[in-house]
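Summary of structural features
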Amino acid sequence: MNIINIDYEKGILESDFFTWTIVSNNDNKFLLLQREDNGRFRAAEADVKKKHLWEVKEISYHGPNGEKFFYDEDSGVIGI
């Protein structure tokens with residue numbers, strides 16, 4: 001999916017089809033995102049420079065302060 005708009009202050013990213021919440025921002029280069037869809041959470045990773053994002057079922061994302069993230073469809077994205 002293509003990134004249409006990013007509002008860093010509100011923590012929202014708009015793609016071709018959905019609006020996502022920014023969970024983690026790695027220097028405005030890479031973003032970890034989530035959205036709720038019919039009671040289930042969806043997760044995505046975004047490459048800001050390439051203006052592209054892709055949905056993921058497993059997360060291999062490390063935050064800027066060394067955080068690691070876990071994704072669960074029922075709970076959403078959780079930082080550990």
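Here goes a summary of the coordinates provided. (Residues numbered from 1 in each chain as written. Predicted model: local features only at pLDDT ≥ 70, side-chain atom pairs only at ≥ 80, totals over all residues. Heavy atoms only, no water.)

Looking now at the environment of V48. Positionally, V48 belongs in the loop between β5 (40-47) and β6 (52-56). On the basis of relative accessibility, which here comes to 15%, the residue V48 falls in the buried class. Between the C-alpha atom of V48 and that of D7, which follows or precedes it by 41 residues, the distance is 12 Å. Contacts of V48, omitting those with residues within four sequence positions, involve I3, I6, Y8, N28, K29, F30 and L31. (Helix = DSSP H or I, 4+ residues; strand = E, 2+ residues; numbered from the N terminus. Buried < 20%, exposed > 50% of the residue type's maximum accessible area, 1.4 Å probe, protein only. Contact = heavy atoms within 4.5 Å.)

Turning next to the pairing of strand β1 (residues 3-7). Bridge analysis of β1 against strand β2 (residues 12-15) gives four bridges, and the strand direction is antiparallel. Each bridged residue has a counterpart across the sheet, and for N5 the counterpart in β2 is E14. Counting the residues in the hairpin turn of β1 and β2 gives four residues, including G11, whose phi is positive at 75°. (Pairing = 2+ DSSP bridges.)

Our focus in this paragraph is the pattern of salt bridges. Across all of its chains, the model carries six salt bridges by this definition. When the shortest N-O distance is used, the salt bridge between D37 and R42 registers 3.6 Å. For D37, a relative accessible area of 25% corresponds to the partly exposed category. Take R42: its relative accessible area is 24%, and that puts it in the partly exposed class. E73 is the partner of R40 in a salt bridge, and the nearest nitrogen-oxygen pair spans 3.4 Å. (Salt bridge = Lys/Arg side-chain N within 4 Å of Asp/Glu carboxyl O.)

Limitation: the analysis is restricted to geometry and does not speak to function.
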